[in-house]
Amino acid sequence: MFITLEGIEGCGKSTQAERLYRALKSRAIPVIFTREPGGTRIGEEIRKILLATSNRELSPAAEFLLMEADRAQHVAEVIKPALKKGMWVVCDRFFDATVAYQGYGRGVDLALVERLNHFSSQGIVPDKTFLLDCPVEIGLSRAMERNRIWKKEGEGRFEDEDVAFHQKVRQGYLELAKSAPGRFVVLDATRGEEELEEQIFQHIAPLVKR
Ligand code: TMP
């Protein structure tokens, strides 16, 4: 079973991904927790390039291709082998993020994004995707607070984008969710952490029984 969590900056998806991972693990379900960009040694190197605020000159095309390169490595090295073994995979962001950020946000051709998403993921599609949706202003202010406390210096290249960019990303995610209602579950990310965890688990429980 392949579960992904998506949303704009500061929507709380990483917290929920971790909570879901722990909930599955406590039920003795074989599960791994991973993320994009990152999730492999090579991917973490790519992540550094992608998130560094100093890399201002990174072009939209190069950014897009690095996301896909990261994914190709991640799928080949981690996701595909785990799914093959029958494990659950909880992933903090996956190919929908490229549609939302590089497609809707940066304006990369959506058909091209879809093609390369298919290529880098080897045709693997998440079984369920939770979109934690919230107004951009709320997400960004949470992300800023978190960065002040947690994030390593200079890792905020995406957070540094203006509000209009993040509006486009949010809109992109909502369009995606509309186009694949069977896979997406849209949740109100302004709700409390506990409530969101419960809502997510309600959707997961039938899959666990299967
Ligand atoms: P995060 O780990 O804090 O979510 O940061 C990853 C950043 O990378 C986030 O700003 C979204 C961005 N991103 C893309 O732009 N495209 C992608 O395909 C992925 C996976 C992430």
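Residues numbered from 1 in each chain as written. Predicted model: local features only at pLDDT ≥ 70, side-chain atom pairs only at ≥ 80, totals over all residues. Heavy atoms only, no water.

In this structure, what is going on with the overall build of the chain? I would like to understand it.
Each helix and strand in the chain was counted, giving 8 helices and 5 strands. Secondary structure elements of the chain, listed N to C terminal, follow the sequence β-α-β-α-α-β-α-α-β-α-α-β-α. Burial status across the chain gives 49% buried among its 210 residues. In the chain, of all internal contacts separated by at least 6 residues, the share reaching a separation of at least 24 is 80%. Carbon together with sulfur atoms contributes 54% to the accessible area of the chain, which is approximately 10400 Å² in total. (Helix = DSSP H or I, 4+ residues; strand = E, 2+ residues; numbered from the N terminus. Buried < 20%, exposed > 50% of the residue type's maximum accessible area, 1.4 Å probe, protein only. Contact = heavy atoms within 4.5 Å. Areas by Shrake-Rupley, 256 points an atom, 1.4 Å probe, with all protein chains shown as cover.)

I tried to follow unusual backbone geometry on my own but got confused; where do I start?
Phi is mostly negative for residues that are not glycine, and the peptide bonds are mostly trans. Cis peptide bonds are those with omega within 30 degrees of zero, and the linkage from E36 to P37 qualifies with -10°. Mapping P37 onto the fold places it in the loop between β2 (31-35) and α2 (41-51). Positive phi is not limited to glycine here, since R93 has a value of about 75°. Here R93 shows up in the loop between β3 (88-92) and α4 (95-105).

Help me understand the sheet that holds strand β1 (residues 2-6), please; the structure alone is not making it clear to me.
The strands making up a sheet associate through hydrogen bonds between their backbones, and the pairing can be parallel or antiparallel. Read from one edge to the other, the open sheet built from 5 strands follows the order β2-β3-β1-β4-β5, with strand pairing classed as parallel. Of all the strands in the sheet, just β2 and β5 (184-188) have a single pairing partner and so form its edges. Neighbour-to-neighbour, the strand axes of the sheet open up by a mean angle of 20°, direction not taken into account. Of the pairings in the sheet, the one linking strand β4 (residues 128-133) to β5 comprises 5 bridges and is parallel in character. From the neighbouring strand, F130 faces β5, where its bridge partner is V185. (Pairing = 2+ DSSP bridges. Axes fitted to C-alpha atoms, helices over the stretch in contact; angles between N-to-C directions.)

Can you help me understand the environment of R146 in this one?
With respect to the helices, strands and loops of the structure, R146 is situated in helix α6 (residues 136-149). Take R146: its relative accessible area is 30%, and that puts it in the partly exposed class. Distance in space between the C-alpha atoms of R146 and C11 is 11 Å, their sequence separation being 135 residues.

Would you mind going over the site of the ligand with me for this structure?
Surrounding the ligand, one finds 15 residues, the nearest of these being E9, R47, R93, T98 and Q102. In the environment of the ligand, an oxygen atom lies 3.2 Å from a nitrogen or oxygen atom belonging to the side chain of K13. Between the ligand and the protein, one listed contact pairs a nitrogen atom with a side-chain N or O atom of Q102 at 2.8 Å. Protein contact buries 97% of the 480 Å² of open area that the ligand shows by itself. (Near = heavy atom within 4 Å. Polar contact = N/O pair within 3.5 Å; in protein donor to acceptor, adjacent residues only side chain to side chain.)

What should I look at first to understand the pattern of salt bridges in this one?
If charged atoms from side chains of opposite charge come close, those side chains can pair. Considering all chains together, one arrives at 17 salt bridges under this definition. With a closest N to O distance of 3.8 Å, R22 and E18 form a salt bridge. Taken as a pair, R22 and E18 lie in helix α1 (residues 13-26) at a separation of 4 residues, close to a single helical turn. Since its relative accessible area comes to 38%, E18 is described here as partly exposed. (Salt bridge = Lys/Arg side-chain N within 4 Å of Asp/Glu carboxyl O.)

None of this, on its own, says anything about what the molecule does.
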